[in-house]
Number of protein chains: 2
Amino acid sequence: MDIHKSHLLVLGLLLCLMTTQTSAKYEYQIKYLDVPLDHFTYVNESVTFKLRYLVNDTYNTDGKGPILFYTGNEGDIENFAQNTGFMWEIAPELKATLLFAEHRYYGKTLPFGNNSFESPKNLGYLTSEQALADFAFLLAEINPSNRSTRGRPVIAFGGSYGGMLAAWFRMKYPHLVTGAIASSAPILQFDTDCGVFSQILTTVFRVAYKRECVWNIERSWDVLKNYSSTADGLKVLKDSFKFCGNITKAEDITDTFFDYLSDVYGNLAMINYPYNSTFLAPVPAYPVREFCGRLDQNFTGLELIGRLQEALSIYSNYTGQTKCLNIANAYDDNMGTAGWDFQSCTEMVMPMCSEGSGKDMFLKKSWDEKKFSDDCFKKFGVRPKTNVAMTNYGGLYLDAASNIVFSNGLQDPWSGGGVLQSSNNAIKIVLIPEGAHHIDLRAASDEDPGSVRGARQVHLLSIQKWIKQYRKKLNKY
Amino acid sequence: MDIHKSHLLVLGLLLCLMTTQTSAKYEYQIKYLDVPLDHFTYVNESVTFKLRYLVNDTYNTDGKGPILFYTGNEGDIENFAQNTGFMWEIAPELKATLLFAEHRYYGKTLPFGNNSFESPKNLGYLTSEQALADFAFLLAEINPSNRSTRGRPVIAFGGSYGGMLAAWFRMKYPHLVTGAIASSAPILQFDTDCGVFSQILTTVFRVAYKRECVWNIERSWDVLKNYSSTADGLKVLKDSFKFCGNITKAEDITDTFFDYLSDVYGNLAMINYPYNSTFLAPVPAYPVREFCGRLDQNFTGLELIGRLQEALSIYSNYTGQTKCLNIANAYDDNMGTAGWDFQSCTEMVMPMCSEGSGKDMFLKKSWDEKKFSDDCFKKFGVRPKTNVAMTNYGGLYLDAASNIVFSNGLQDPWSGGGVLQSSNNAIKIVLIPEGAHHIDLRAASDEDPGSVRGARQVHLLSIQKWIKQYRKKLNKY
């Protein structure tokens, strides 16, 4: 975990998948398709693996409806199916088939089974391009087109990295995908000011309740550091925060715990939904406000520590069932983690930094490309290729793209890497001032603010337009 | 050579590269760039090879001109540079840099040197997707873009398979390529009636001079077959055609020589230019007319054989220097051949057949996918993936493509797989009724018919429009 933990919040994207198991609300068939391990070479052309995908075909009553295709991202596809209520809610009206495809190397789609994470020998086939090619391969199988018959229209959906994939899928395979809803998709994060995530995050905390919240966080780093410098101080911290493991040295606080705190702040902002949720952890509605409510005056010293502990419990122990605070393992160290770590170490390199000094609520931490690269090499035997994503997908140069909605909640720290404007009329930009991370793809709730409801309306209208466009052209080739 | 030889004319594309060495008319610097062997996995991420490219920067006087980029196809890039006069002719007016990039595994761009053709271990990295990624990598290096500065506009050019690559390059990497001139690019050949090539070819011969020409060719198959069935007959043929090697069995005629003849007929049509050329072999102007001029009455038996031999010499011995007819080696068995054979056996699968019985001038020969696959497996240890090109590039479903000119000479048998119509206004279709294979990319000649001159005008106007579009948007991101 060192690689991204040493770089503030770079893991944020990944966290989206660490959903606590929700009860299955939506139903589907689970299927598998044999897919080539390597779509782009013929060195081992006969090697395939089983790609898992989920299908619900109950609404497609006339057999001609569109296919709503979730482009799976870094986690178990069943979690995405359960957490993307918007697709389920529009499927009946569209008479659509629902299709959720798992991303290779996540969930149960492990090309080499338990050995999948031997890198780079086995893990080296984990790339976004191969994942998109898997999706294309699946569609060619399920919904074939040839010169005499064209398949049913397909709409891609995805949130976070899944949203990046949905947009790229439309960009790279427009003949297979009629349009894409890319929610909270930071496709510009490869080439954006590295501090923007921290700045937006700080703003979310600044406006959530009282301004003292951010001031307390800013002060907390030094207070914690001071306590960490002596054995007695460490014991105080251990008792206050009820850490699960042993705390024996300053770095346990200034590295491990600081990273944990940064990640939790990022997560709280991402899941700052207007209702209770269990997406990353069980939390109350507006968890940032709840968090800041416990840091509502200027605290110092031991009192600040106590208040911070209480505030943290909003995230770490909202159920009251947690016995101790596991800062070494804030995320299940499951296979998803290893997968995303590897992707960040190869093509999905998103530089992150913080400036401190009032510009954000963190300590100053530059983006250290060399250290990042060395850590990657130590862990995986690979070095990041920082330009690959830009060369392959184009960053902000989207002139030729069409039929993509980029939606971003402005309360989401990832919006700093999102597409927030475009001079290309074939792309639609949806800003959700009151929205957190891809809230528009979640199931409708009575608590949804107007901007979220509005975003879903725009999505549906775009989808209907694309399908109509597609059907109109069917006989014009 | 069995694989494609057993399938009428499937090698036609390849032939474009078998240029006899022309004297160097155009000058350039030869450069090399280290490029990743595999752009889409990280199994051996540090392995690179030297990609050769050619640059002429003399016209780019203000440093801001466009880059005219030839997407190299299946052969030595120097030959393409010398045979694409159109690019050289428009460069001064556009103040453009000329750039010709060699396709991996052709010319001097051999990733594993002399071992490059050990398949599939080494040869498996030869795919169109990897080649396009090489071109993207090269452009990212030479002409970098980032969020603050955008590179110079790039126009892709290519003929035949190079034209397919030019079109696909624009489709897959539109942020790097502003527009593409795709000349004689049969991107639909994967999913077209397998007999269309033979039919167009027959038409070219039918109209070239007198209708007796095709009748003689039609009759010749049986005559040759009859002679091949006896030792005496074989000797007659050997003496008549002056074969270089020994002719010992019927199959030397009915397999090897028949394939040779079919290929020569295809080549004659492709290079049916209105002036002498040395592109595939030294031939006179309008070589099909010359060929048919020697078959201008109904001949039979031995007389037909003699006339056919004379006609063939238009292609095989126009210089009068050839001592014997090398039918086993109509194409240099150089590395280019092995490369294209492999590509046809993996993703570039273009089914070819002929029907005979007056529909075309060939014997009936179905497309036998199983035999083709078995031959590929025997030769390379791989089996064709017949759907890959369609899934990856979309065939005729080009709704989302833009800024591509598809030009086709209607005298070119490859035009049957070309894009001859489109309901997409962002694509331009140029038909050249009097044109052979990518004649519009060749240097202007006094002999060029009006339709060829017109095509070049349209190309230039499109290019100018794209560059203007690009520059207008430069400050709008």
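See the structure above.
Residues numbered from 1 in each chain as written. Chains lettered and ligands numbered in written order. Predicted model: local features only at pLDDT ≥ 70, side-chain atom pairs only at ≥ 80, totals over all residues. Heavy atoms only, no water.

A.B. asks: Mind showing me how you'd approach the overall build of chain A here?
C.D. replies: Per the secondary structure count, chain A includes 16 helices and 8 strands. By its C-alpha atoms, chain A is 75 × 50 × 40 Å across when sized along the principal axes. Expressed as a percentage of its 477 residues, the buried residues of chain A come to 62%. In chain A, the share of contacts with a sequence separation of at least 24, taken over all contacts with a separation of at least 6, comes to 73%. In the structure as shown, chain A presents an accessible area of about 17500 Å², 48% of it carried by carbon and sulfur atoms. Positive and negative charge centroids in chain A, built from 47 and 50 side chains respectively, lie 6 Å apart. (Helix = DSSP H or I, 4+ residues; strand = E, 2+ residues; numbered from the N terminus. Buried < 20%, exposed > 50% of the residue type's maximum accessible area, 1.4 Å probe, protein only. Contact = heavy atoms within 4.5 Å. Areas by Shrake-Rupley, 256 points an atom, 1.4 Å probe, with all protein chains shown as cover. Lys, Arg positive; Asp, Glu negative; His and termini not counted. Charge placed at Lys NZ, Arg CZ, Asp CG, Glu CD.)

A.B. asks: Please clarify how the pattern of salt bridges should be interpreted in this entry.
C.D. replies: Close approach of charged atoms allows side chains with opposite charge to pair. Evaluated as defined, the whole model comprises 36 salt bridges over all chains. Notably, a salt bridge pairs Asp191 of chain B with Arg147 of chain A, separated by 3.8 Å at the nearest N-O pair. One end of the pair, Asp191 of chain B, is in the loop between strand E6 (179–183) and helix H7 (196–208); the other, Arg147 of chain A, is in the loop between helix H5 (128–142) and strand E5 (154–159), on a second chain. By relative accessible area, which is 46% here, Arg147 of chain A ends up partly exposed. Put simply, Lys379 of chain B and Asp341 of chain B hold a salt bridge, and the shortest N to O gap is 2.9 Å. Taken together, the residues Lys379 of chain B in helix H14 (residues 369–380) and Asp341 of chain B in helix H13 (residues 335–344) connect sequence positions 38 residues apart. One continuous salt-bridge network, built from bridges that share partners, spans Arg52, Asp76, Glu78 and Glu102 of chain A. (Salt bridge = Lys/Arg side-chain N within 4 Å of Asp/Glu carboxyl O.)

A.B. asks: Would you explain the interface of chain A and chain B in this entry?
C.D. replies: Bring the parts together and some accessible area is lost; that lost area is often taken as the interface size. Each partner contributes to the interface: chain A provides 56 residues, whereas chain B provides 56 residues. Contact between chain A and chain B buries roughly 4600 Å² in total, counting both sides, with carbon and sulfur atoms accounting for 56%. Summed over the three residues of chain A that lose the most area to chain B, namely Tyr42, Arg147 and Tyr397 of chain A, the buried surface amounts to 19% of that side. In this structure, the connection of chain A to chain B is made through 6 salt bridges. Between Asp399 of chain A and Lys473 of chain B there is a salt bridge, with the nearest N and O atoms lying 3.9 Å from each other. (Buried area = accessible area lost by both parts, 1.4 Å probe.)

A.B. asks: Would you explain the relation of the copies chain A and chain B in this entry?
C.D. replies: Both copies of the chain are tied together by a single rotation about an axis and a shift running along it. Mapping chain A onto chain B calls for a rotation angle of 180 degrees and an axial translation of 0.0 Å; the resulting RMSD is 0.1 Å. Here the symmetry operator amounts to a two-fold rotation axis. Closest approach to the rotation axis within chain A is made by the C-alpha atom of Lys172 of chain A, at a distance of 2.8 Å. (Least-squares fit on C-alpha atoms with pLDDT ≥ 70 in both.)

A.B. asks: Would you explain the nonpolar core in this entry?
C.D. replies: The tendency in soluble globular proteins is for nonpolar side chains to be buried side by side. Residues Phe205 and Phe291 of chain A together with Phe205 and Phe291 of chain B are the most contacted members of the largest nonpolar core, which totals 308 residues. The residues contacting Phe205 of chain A, other than those within four sequence positions of it, are Cys213, Val214, Ile217, Tyr265, Leu268, Ala269, Val288, Phe291, Cys292 and Met361 of chain A. (Core = buried A, V, L, I, M, F, W, Y, C linked by side-chain atoms within 4.5 Å.)

A.B. asks: What am I meant to see in helix H7 (residues 196–208) of chain A here?
C.D. replies: Within an α-helix, residues lying three or four positions from one another point in the same direction, as the helix has 3.6 residues per turn. With 13 residues, H7 of chain A extends 18 Å from end C-alpha to end C-alpha; this agrees with the ideal 18 Å at 1.5 Å per step. Looking at the packing, one finds that the buried side of H7 of chain A touches helix H8 (212–228), helix H10 (250–270) and helix H11 (287–293) of chain A. (Expected span 1.5 Å × (residues − 1).)

A.B. asks: Would you take a moment to explain the environment of Leu325 of chain B for this structure?
C.D. replies: Within the secondary structure, Leu325 of chain B sits in the loop between helix H12 (301–316) and H13. Separated by 16 residues in the primary sequence, Leu325 of chain B and Gln309 of chain B have C-alpha atoms spaced 9.9 Å apart.

A.B. asks: I keep staring at the state of the cysteines and nothing clicks. Help me out?
C.D. replies: Each disulfide is one covalent bond, formed between the sulfur atoms of two cysteines. Under the definition given, this model contains 8 disulfides over all chains. Here Cys244 of chain A pairs with Cys324 of chain A through a disulfide, and the sulfurs are 2.0 Å apart. Looking down the S-S bond of the Cys244 of chain A and Cys324 of chain A bridge, the torsion is 100 degrees, so its handedness is right-handed. One end of the pair, Cys244 of chain A, is in the loop between helix H9 (231–241) and H10; the other, Cys324 of chain A, is in the loop between helix H12 (301–316) and helix H13 (335–344), and 80 residues separate them in sequence. Disulfide pairing is shown between Cys213 of chain B and Cys292 of chain B; the S-S distance is 2.1 Å. Classification of the bridge connecting Cys213 of chain B and Cys292 of chain B rests on its S-S torsion, roughly -60 degrees, and on that basis the disulfide is left-handed. With Cys213 of chain B in helix H8 (residues 212–228) and Cys292 of chain B in helix H11 (residues 287–293), this residue pair connects regions lying 79 residues apart in the sequence. Each member of the pair, Cys213 of chain B as well as Cys292 of chain B, carries the same accessibility label: buried. Ordering the disulfide-forming cysteines of chain A by sequence position, one finds them joined as 1-7, 2-4, 3-5, 6-8. (Disulfide = S-S within 2.5 Å.)

A.B. asks: Explain the environment of Phe49 of chain B here, please?
C.D. replies: Residues and elements named next belong to chain B. Note that Phe49 resides in strand E2 (residues 48–56). Between the C-alpha atoms of Phe49 and Pro36, which are 13 residues apart in sequence, the distance is 6.5 Å. Contacts of Phe49, omitting those with residues within four sequence positions, involve Leu33, Asp34, Val35, Pro36, Leu37, Arg104, Thr109, Pro111 and Asp134.

A.B. asks: So what exactly am I meant to see when it comes to the sheet that holds strand E2 (residues 48–56) of chain A here?
C.D. replies: Each strand in a sheet pairs with its neighbour through backbone hydrogen bonds, running either in the same direction (parallel) or in the opposite one (antiparallel). Residue and element names in this part refer to chain A. Strand order in the open sheet formed by 8 strands is E1-E2-E4-E3-E5-E6-E7-E8, with mixed pairing between adjacent strands. Taken across any chain shown, the strands that pair with only one partner, and hence form the sheet edges, are strand E1 (29–36) and strand E8 (427–432). Going from strand to strand, the sheet's axes swing by 20 degrees on average, the running direction of each strand aside. As defined by bridge partners, strand E3 (residues 67–71) adjoins strand E4 (residues 97–101) across 5 bridges and the pair is classed as parallel. Across the sheet, the residue bridging to Thr71 is Ala101, located in E4. Seen against the sheet, helix H16 (residues 450–473) touches E5, strand E6 (179–183), strand E7 (404–409) and E8 and runs at an angle of roughly 165 degrees to E8. (Pairing = 2+ DSSP bridges. Axes fitted to C-alpha atoms, helices over the stretch in contact; angles between N-to-C directions.)

A.B. asks: Can you walk me through the pairing of strand E4 (residues 97–101) of chain B in this structure?
C.D. replies: A regular strand places its side chains so that they alternate between the two faces of the sheet. Residue and element names in this part refer to chain B. For E4, the buried fraction is high: 5 of the 5 residues fall into the buried class. Of the two faces of E4, the one carrying Thr97, Leu99 and Ala101 and the one carrying Leu98 and Phe100 are both buried. In this sheet, E4 lies alongside E2 in antiparallel orientation, the contact comprising 4 bridges. Bridge pairing in E4 places Tyr53 opposite Ala101.

A.B. asks: Looking at this structure, I do not really get the packing of H9 of chain A against H12 of chain A. What am I missing?
C.D. replies: All names here are of chain A. At a minimum axis separation of 9 Å, H9 and H12 run at an interaxial angle of 35 degrees. By crossing handedness, the relation of H9 to H12 is classed as right-handed. Residues Val236, Leu237, Ser240 and Phe241 of H9 pack against Leu302, Ile305, Leu308, Gln309 and Leu312 of H12. In terms of residue class, the contact of H9 with H12 is made up of 7 nonpolar, 2 polar and no charged. (Left-handed = near helix turned anticlockwise from the far one by under 90°. Nonpolar A, V, L, I, M, F, W, Y, C, P; charged D, E, K, R; others polar.)

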